[in-house]
There are 2 protein chains.
Amino acid sequence: PEDTENNSRLNLPADAIINLDHGDPTMYESYWRKLGNMCTVMFTGYQSLSYFANSKNLCWFLEPKLEEEIKKLHNVVGNATVEGYHIVVGTGSSQLIQAVLYALSDPLNEANPISVVSATPYYSSYSEVTDFVRSGLYKWAGDAHNFDKDGPYIEMVTSPNNPDGVIREPVVNKAQGMLVHDLAYYWPQYTPITGPADYDIMLFTVSKCTGHAGSRIGWALVRDINVARKMVKFIEINTIGVSKEAQQRAAKILEVISDSCSQTVRPPELDNFFEYGQHLLTERWKKLKDLVEFNELFTLPKFPLQYCNFTGDFTEAHPAFAWMKCEEEVDCEKLFRGHKILTRSGKRFGSDPKYVRISMMSRDEEFDLFVQRLSSIHGIANGN
Amino acid sequence: PEDTENNSRLNLPADAIINLDHGDPTMYESYWRKLGNMCTVMFTGYQSLSYFANSKNLCWFLEPKLEEEIKKLHNVVGNATVEGYHIVVGTGSSQLIQAVLYALSDPLNEANPISVVSATPYYSSYSEVTDFVRSGLYKWAGDAHNFDKDGPYIEMVTSPNNPDGVIREPVVNKAQGMLVHDLAYYWPQYTPITGPADYDIMLFTVSKCTGHAGSRIGWALVRDINVARKMVKFIEINTIGVSKEAQQRAAKILEVISDSCSQTVRPPELDNFFEYGQHLLTERWKKLKDLVEFNELFTLPKFPLQYCNFTGDFTEAHPAFAWMKCEEEVDCEKLFRGHKILTRSGKRFGSDPKYVRISMMSRDEEFDLFVQRLSSIHGIANGN
């Protein structure tokens, strides 16, 4: 009841279409509603007119306050090293992925586009983002497991992985490989934090960290100054920087999250944000697993118990998506669609149509309706 | 003194570098400061978490309030027809330009990239934006005057033109031409409004209309639903929409501007925004012209008197940029740089290094220092 009070009521009819195709992180709304005005930000008409946020910074459109709060949060959570890294802000991590591809490929001056790969099942947007304007600099080359070309290539390493929540390592491991670590889900609510990541290029996004997907704010931690500079160039040409309002609001939200994790600073009415998120996801995963356990049609991935440095406990992963497998020869996305549940087909992730990706980040009402309907889906032979 | 009071004081040293290379529209800060909290917007922590602004709209990430205020403002100003058009919001007009190129070229399935042209002097970003990722869909083909290939092409028609403020028509006029009208400067402070534009694709940006360049908000008015849909697709892949904070703030700012133009709604303390801007630019242009008139080294473009439907007066254009020509054989950008004035070379606009583009939209202090220094620059023979 607590969560319901704090969510904006959708009042979904019993036969409503439930859209769990996108990873729209609306489940966090209940947390933010509880805070009331604690992280309200205001903009007067005369603020932030200029294109520039800090013309002396390598990333000249990065708000200094956001830079500070990003560093603080990584230090509080312990999920990434920030010392020795350049921070590049982007209009969500989609833009940062494109900025990285540009930054890594353009200076090589290759005659043919650089191959971009990722191991299946891979994030469905990688192929689209890489190929949509048919760049001569880079080209989607599919499953990293099947990649055997010589020469430079870029491997996207998504960890925890979207769609299946698995912790990943690069798989190609050739001499001229360039790695991009997409760590959008490396936060305590989703997965145990086993140590600070310190890869060459790491991507994060506010959307999956705090739930503020509407703001379109992501950031990259980049070790090599020339790569960072070239990413800034991409964002300069693509959108002449990143909204100042969105950056300043994101800074405030990250600040509140850091405070919520602190024994000393945290006001009593402020729940630890990551524990709150973990709790919500744990409950949802429990409901889902309990159902699937007694349903022969579906299976879910299993995750190991690991020690999380952030919570100081042994925990399992509770990923943002359920990567569900249908054990009969059936198009699982179609099957769910027949029950007015929209999911994303395994095909979109370079995988099998027996799989679907289901968002675990919806509002309570949607999740509950999903679980309710799922409980009525059994074997195809049963007429479902 | 009034303007100075209302500007954030830069306290520039007499030998400061004056950057008039970018078109950073900081001159409007004085207007917005006067308004105090009249257009303050607030965001609580729980607003706008979702990717979606209106899932039923073709442009699913467009804030309904922004759509409403865009339409209202065009009707108040009379510079564009909105009836029968689809509105697509973008992260500044740079992103919209790329979205248009994609939308027009991708469906053609041509073997070779579509040529993109514009008449010199053309906006310096067009070539960069078109070619930076070496798209196989479109390719910069330079000056529209020299274009004589058969087949489909895209012509950017910038009116008033950046850099020179001239009202333009398409110049290629071949059967398979697709026109994009970049109307960023078709607002009353810059040029007489001679009637509502009703071209197939029209681009506008908040940056040049109101001065809020830091927000990164632009919009397109698009007649063909399939072009609009494809532009939305581009923005979906490129950045998964546009910051909700920036859109909501832009909506408020456009609302205040519309109110400022209304005899009935306008509070007495609110100056008509466009008249205020026109007044500032008129003063600046007067200072600049007075100086240049008695300086044999430089010339400026001349603009015809035209009837402006918005002001109800015959006025000249007062463009956002001065397109200045140096009458001696000299690299004008270098000449100014020697006097610590950064401008953009004519070369960048496909034109001659004798020309420079100088922003007229800086803060008062910068403009005054510029004019002061300009008065000391005479013929090269004089040792300057």
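All of these numbers come straight from a predicted model, not from anything done at the bench. (Residues numbered from 1 in each chain as written. Chains lettered and ligands numbered in written order. Predicted model: local features only at pLDDT ≥ 70, side-chain atom pairs only at ≥ 80, totals over all residues. Heavy atoms only, no water.)

1. Digging into the overall build of chain A
Note the following rule: Helical segments are the DSSP runs of H or I of at least four residues, strand segments are the runs of E of at least two, and each set is numbered from the N terminus. C-alpha atoms define the radius of gyration in this analysis, and the globule rule sets the expected value at 2.2 Å times the number of residues to the power 0.38. Note on contacts: a residue pair is in contact if any heavy atoms of the two residues lie within 4.5 Å. Values of accessible area rely on a 1.4 Å probe in the Shrake-Rupley scheme; residue burial ignores everything except the protein chains shown.
Within chain A, the secondary structure is distributed over 11 helices and 16 strands. The globule rule puts the C-alpha radius of gyration for 384 residues at 21 Å, and the 21 Å found for chain A is close to it. Seen through its C-alpha atoms, chain A measures out along the principal axes to roughly 65 × 55 × 40 Å. A sequence separation of at least 24 residues applies to 73% of the contacts in chain A between residues at least 6 apart. Surface accessibility of chain A: about 14,600 Å² in total, with carbon and sulfur atoms responsible for 47%.

2. Let's talk about the packing of helix α9 (residues 273–293) of chain B against helix α11 (residues 364–374) of chain B
Residues and elements named next belong to chain B. The condition is simple: Inter-axis angles, ranging from 0 to 180 degrees, are taken between N-to-C directions of lines fitted to C-alpha atoms, where helices are fitted over the stretch in contact. Angles below 35 degrees are treated as roughly parallel, those above 145 as roughly antiparallel, those between 65 and 115 as roughly perpendicular, and all remaining angles as oblique. Residue type decides the class: Asp, Glu, Lys and Arg count as charged, Ala, Val, Leu, Ile, Met, Phe, Trp, Tyr, Cys and Pro as nonpolar, and the leftover types, Gly among them, as polar.
For the pair α9 and α11, the least separation of the axes is 10 Å and the interaxial angle reads 10 degrees. Of the possible angle classes, the one that applies to α9 and α11 is roughly parallel. Side by side, α9 and α11 meet where Leu280, Arg284, Lys287, Leu288, Leu291 and Val292 of the first sit next to Asp364, Phe367, Asp368, Phe370, Val371 and Leu374 of the second. For the contact of α9 with α11, the residue count by class is eight nonpolar, no polar and four charged.

3. As for the interface of chain A and chain B
A common way to report how large an interface is uses the accessible area buried once the components associate. Basically, it comes down to this: Using a 1.4 Å probe, buried area is obtained as the accessible area two parts lose upon being combined, added over both of them. A side-chain nitrogen of Lys or Arg and a carboxyl oxygen of Asp or Glu constitute a salt bridge if their distance falls within 4 Å. Two N or O atoms count as a polar contact when they lie within 3.5 Å, although within protein this holds only if one can serve as hydrogen donor and the other as acceptor, and sequence-adjacent residues are included solely when both atoms are side-chain atoms.
With 64 residues of chain A at the interface, the matching set in chain B holds 65 residues. Summed over both partners, the interface of chain A with chain B buries about 5,400 Å², with 56% contributed by carbon and sulfur atoms. Across the contact surface, chain A and chain B share six salt bridges. Counting across the chain A and chain B interface gives 43 residue pairs in polar contact (both at pLDDT 80 or more). Of all the secondary structure elements, the ones that give two or more residues to the side of chain A that touches chain B are α2 (29–34), β2 (41–43), α4 (92–105), α5 (125–131), α6 (206–210), α7 (225–239) and α8 (244–260) of chain A. If you tally residues by element for the side of chain A that touches chain B, the top one is α7 of chain A, at five residues.

4. Points about a nonpolar patch on the surface
We count it as follows: A patch consists of residues whose relative accessible area exceeds 30% and which take part in no salt bridge; residues with like charges are grouped when within 9 Å of each other, and nonpolar side chains (Val, Leu, Ile, Met, Phe, Trp, Tyr) when within 5 Å.
A surface patch of nonpolar side chains, amounting to about 350 Å² of accessible area, comprises Leu305, Tyr307 and Phe314 of chain A. Considering the arrangement of structural elements, one finds Leu305 of chain A in the loop between β10 (298–299) and β11 (306–308).

5. Regarding the sheet that holds strand β16 (residues 355–359) of chain B
All names here are of chain B. Stated precisely, the cut-off is as follows: Strand pairing is assigned whenever DSSP identifies at least 2 bridges connecting the two strands.
In spatial order, the strands read β10-β13-β16-β15; together these four strands make up an open sheet with antiparallel pairing. A strand with exactly one partner marks an edge of an open sheet, and here the two such strands are β10 (298–299) and β15 (344–345). Sheet contacts for α9: β10 and β13 (321–326); angle to β13, the most-contacted strand, approximately 5 degrees.

6. Quick look at the environment of Pro163 of chain B
Residue and element names in this part refer to chain B. Our working definition: Each residue is placed in one exposure class: buried if its accessible area under a 1.4 Å probe, protein chains only, is under 20% of its type's maximum, exposed if it is over 50%, and partly exposed if it falls in between.
Among the structural elements, Pro163 can be located in the loop between β6 (153–158) and β7 (177–182). Taking relative accessible area as the criterion, Pro163 reaches 1% and is therefore assigned buried. Sequence separation between Pro163 and Ala103 is 60 residues; the distance between their C-alpha atoms is 26 Å. If we ignore the near neighbours within four places in the chain, the residues touching Pro163 are Pro121, Tyr122, Phe321, Trp323, Phe349 and Arg357.

7. Brief notes about the pairing of β6 of chain B
Residues and elements named next belong to chain B. Of all six residues making up β6, six are buried, and the element is well covered by its neighbours. The side-chain alternation of β6 yields two buried faces, one formed by Tyr153, Glu155 and Val157 and the other by Ile154, Met156 and Thr158. Across three bridges, the pairing between strand β4 (residues 114–118) and β6 is parallel. The residue of β6 that forms the bridge with Val117 is Glu155. As paired elements, β6 and β7 share six bridges and run parallel to each other. Bridged to Glu155 within β7 is Leu179.

8. Here's the deal with the relation of the copies chain A and chain B
As a reminder, the rule being used: Here the copies were fitted onto each other by least squares, based on C-alpha atoms from residues at pLDDT of at least 70 in both.
Of the two same-sequence chains, chain A is brought onto chain B (RMSD 0.0 Å, axial shift 0.0 Å) by a rotation of 180 degrees. When the rotation and shift are considered jointly, the pair of chain copies conforms to a two-fold rotation axis. A symmetric contact is evident, with 100% of the interface residues of chain A recurring at the interface of chain B.

9. Observations concerning the pattern of salt bridges
One pass over the structure, following the stated rule, counts 46 salt bridges over all chains. Residues Asp106 of chain B and Arg134 of chain A are paired through a salt bridge, measuring 3.6 Å at the closest nitrogen-oxygen approach. Of this pair, Asp106 of chain B sits in the loop between α4 (92–105) and β4 while Arg134 of chain A sits in the loop between α5 and β5 (138–143), each in a different chain. The exposure class of Arg134 of chain A is partly exposed, given its relative accessible area of 34%. The salt bridge involving Asp364 of chain B is made with Arg284 of chain B; its shortest N-O contact spans 2.7 Å. A residue pair is termed long-range when its members are at least 10 positions apart, and Asp364 of chain B in helix α11 and Arg284 of chain B in helix α9 qualify at 80 residues. With respect to class, Asp364 of chain B is no different from Arg284 of chain B; both count as buried.

10. Points about the domain arrangement of chain A
Residue and element names in this part refer to chain A. This is how it is decided: An automatic or database domain assignment supplies the residue ranges for each domain.
What the domain assignment lists for chain A is domain 1 (2–34 + 271–382) and domain 2 (64–260). Placing a centre on the C-alpha atoms of domain 1 and another on those of domain 2 gives a separation of 25 Å. Counting residues at the interface gives 35 residues for domain 1, matched by 34 residues for domain 2. Buried surface at the junction of domain 1 and domain 2, summed over both partners, amounts to about 2,700 Å²; 62% is from carbon and sulfur atoms. When the buried area of domain 1 at its contact with domain 2 is split by residue, Trp32, Phe274 and Phe349 rank highest and sum to 24% of it. Between domain 1 and domain 2 we count zero salt bridges in total. There are 11 residue pairs in polar contact (both at pLDDT 80 or more) connecting domain 1 and domain 2. Of all elements in the fold, only α2, α9 (273–293), β11 and β13 (321–326) reach the threshold of two or more residues within the side of domain 1 that touches domain 2. Tallying contributions element by element places α9 first for the side of domain 1 that touches domain 2, with five residues. Taken together, the residues of the side of domain 1 that touches domain 2 break down into 19 nonpolar, 10 polar and six charged.

11. Remarks on the packing of aromatic side chains
The relative placement of two aromatic rings is captured by the distance of their centres and the angle of their planes. Quick note on the threshold: Working definition: rings of Phe, Tyr and Trp (its six-membered ring) pair if their centres are within 6.5 Å, and the pair is stacked with planes under 30 degrees apart, edge-to-face with planes over 60 apart, and tilted otherwise.
A complete count under the given rule lists 57 aromatic pairs over all chains for this structure. Taken together, a centroid distance of 5.0 Å and an interplanar angle of 80 degrees make the contact between Tyr31 of chain A and Phe273 of chain A edge-to-face. Taken together, the positions of Tyr31 of chain A in helix α2 and Phe273 of chain A in helix α9 put the pair 242 residues apart, joining distant regions of the chain. On the numbers, 6.5 Å between centres and 50 degrees between planes, the contact of Phe336 of chain B with Phe370 of chain B is tilted. Here Phe336 of chain B is found in helix α10 (residues 332–338), whereas its partner Phe370 of chain B is found in helix α11, with 34 residues between them in sequence.

12. Digging into α4 of chain A
Since the α-helix turns once every 3.6 residues, residues separated by three or four places project in the same direction. Operational definition: Expected helix span is given by 1.5 Å per residue-to-residue step, counting one fewer step than there are residues.
The terminal C-alpha atoms of α4 of chain A lie 21 Å apart, and with 14 residues this matches the ideal 20 Å at 1.5 Å per residue to within 8%. Among the 14 residues that make up α4 of chain A, 14 are buried, leaving the element largely enclosed by the rest of the structure.

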